[in-house]
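Structural overview for review
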Amino acid sequence: MSMKFLRPFLLVSLISLMFGFAGAIVGLTFSWRAGETTDIREISVRAETEPLLYNGFSWGVEAYHRSRYHDVKPDMVVYGSSRSMQIRSSFFTTRFYNFGGISGTEEVLSELTSVLHQEHKPETILFVADFWRYANDWVPDPASGRQRGIVREMSAMSVPFQLLRQNRLSVPDMAKIVLGKASAESGGLLLVGVNAVLDKKGFGPDGSNYDFSLTGPAREKRFLDNYATMREEVAGNTGIFRTDFSVAEQRIRVLAEMKRRFAEEGIRFVVISPPVSPRLYQLLLSDPEWSQWLGSWRAAMHEQIPDFQDFLDPASLSSPDCEFIDPWHGGDVTYARLLQALSRAWPDGLNVRPDMQAFIAGHAGQVLVADDRVGRAIGYNPASVPSCWSD
């Protein structure tokens, strides 16, 4: 190759290398400041003694949960979808861990427990069952069935660039982390992972989810906006609010079989339907097809699982709309009410804290209490947050 062509080639190559090197520096700086380079085992060990929120992408939430399960060795575990994530260790007098958010199906529950129980078996499993997952047209998460090992989901260097490409991170937020303008600590609370650093929300040492933005003045508007969208879907018979499906009784039989298998292993398995908000529940009951479907689903659940714990109707817990994060998801007090009611069905009270009634009375109308080391570390005072809005 003559020098005439070699020089431009070398120049382009040099520029490409410089951009590549600069990109690597930016990526590693971003991930280091956001805690994405920290080993998941180190994060879990620190969570044993330090108030911490994890919400990262390098390792991912499942890796965090599995590592924490290994360290906590809980007597009681919660599995379920995002509708189980506000059940907290402070509600119990025994070792507890919340595996909610990623384990809302029988497939995932079976896969996780087959691995986790090789090292430690809990005494009690609470499984939070979402009623709409028992429709014949519902398809499980395509990730179900993968090999479940503690592996990285993204390389630390590539985290910001993958998130940018997926529209899960903005350039200003990326710059905020790279330049050190987003702190990895808030008061005495350690924040690990991109979403924890940027939004101060994530999974605590007990696996439960914290989102301190839920206490802001916009929470009523957020709730009502979500409800308006759901009302349109019910009226339009769209999304998960379609009614042209039947109850998937086979899935319920699978759940009943899991309960039998766990009983043989000496594990108490409690299946729970948590409440939806009063407005959403009344909306579903007012729709003849939905009302009929819910009746059929409940009958099928009780036939296969006689001790099925049905709290779908929020009136059974006296939980108002303002104790819900949105029409789907209950907050701290909603689940405290549920556990208080649930504890009456078992002689040991499911190891629910003995002062639960006083806790509920003291925080009625609130969506986030966080009267634990996470809340104290961030300086959160639930008494300073207005409770129920006017209906």
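Before reading further, recall that the structure is shown in the block above.
A short tour of the structure in this document, coming up. (Residues numbered from 1 in each chain as written. Predicted model: local features only at pLDDT ≥ 70, side-chain atom pairs only at ≥ 80, totals over all residues. Heavy atoms only, no water.)

1. Focus on the sheet that holds strand S9 (residues 268-273)
Hydrogen bonding along the main chain pairs the strands of a sheet, whether they run parallel or antiparallel. Rules: Paired strands, as defined in this entry, are two strands with at least two bridges between them according to DSSP. Runs of H or I in DSSP of at least four residues are treated as helices and runs of E of at least two as strands, each being numbered from the N terminus. Residue contacts are counted whenever heavy atoms from the two residues lie within 4.5 Å of one another. Think of each axis as a best-fit line through the C-alpha atoms, taken over the contacting stretch in the case of a helix, with angles from 0 to 180 degrees between the N-to-C directions.
What the 5 strands build is an open sheet, ordered S3-S2-S4-S9-S10; its pairing is parallel. Only two strands of the sheet have a single neighbouring strand rather than two, namely strand S3 (96-98) and strand S10 (309-310). With 5 bridges joining them, strand S2 (residues 76-80) and strand S4 (residues 124-128) adopt parallel strand pairing. Paired with Met 76 across the strands is Thr 124, a residue of S4. Each of S2 and S3 touches helix H3 (residues 61-72); the most contacted strand, S3, lies at about 175° to it.

2. Let's talk about the packing of aromatic side chains
The line we're drawing: Geometry of aromatic contacts follows a simple scheme: Phe, Tyr and Trp rings, the Trp one being its six-membered ring, pair when their centres are within 6.5 Å, and the pair is stacked under 30 degrees between planes, edge-to-face over 60, tilted otherwise. Any residue under 20% of the maximum accessible area for its type is buried, any over 50% is exposed, and the rest in between are partly exposed; the area is computed with a 1.4 Å probe on protein chains only. In this scheme, the term charge over a ring applies when either NZ of a lysine or CZ of an arginine sits within 6 Å of the ring centre and within 35 degrees of the ring normal.
For the structure on display, the rule yields 23 aromatic pairs. Ring geometry for Phe 245 against Trp 293: centres 5.6 Å apart, planes inclined by 85°, an arrangement best described as edge-to-face. Note that Phe 245 is positioned in the loop between helix H8 (219-236) and helix H9 (249-264) and Trp 293 in helix H11 (residues 288-304), a separation of 48 residues in sequence. No difference in accessibility class separates Phe 245 from Trp 293, as the two residues are buried. Looking at Arg 88, its charged tip hangs above the ring of Tyr 210, at a distance of 4.1 Å from the centre. The ring of Phe 262 has Arg 261 sitting right over it, with the charged end atom 4.9 Å from the ring centre.

3. Re the pairing of strand S6 (residues 189-192)
Across the two faces of S6 the burial is the same, with Leu 189 and Leu 191 and Leu 190 and Val 192 all buried. In the sheet, strand S1 (residues 52-54) pairs with S6 via 3 bridges, with the strands oriented parallel. Its bridge partner being in S6, Leu 53 is matched across the sheet by Leu 191. Bridge count between strand S5 (residues 185-186) and S6: 2 bridges; the pairing is antiparallel. Counted as the bridge partner of Glu 185 is Leu 190 from S6. Linking two consecutive strands that pair antiparallel, namely S5 and S6, is a turn of 2 residues; a positive phi of about 65° is found at Gly 187 within it.

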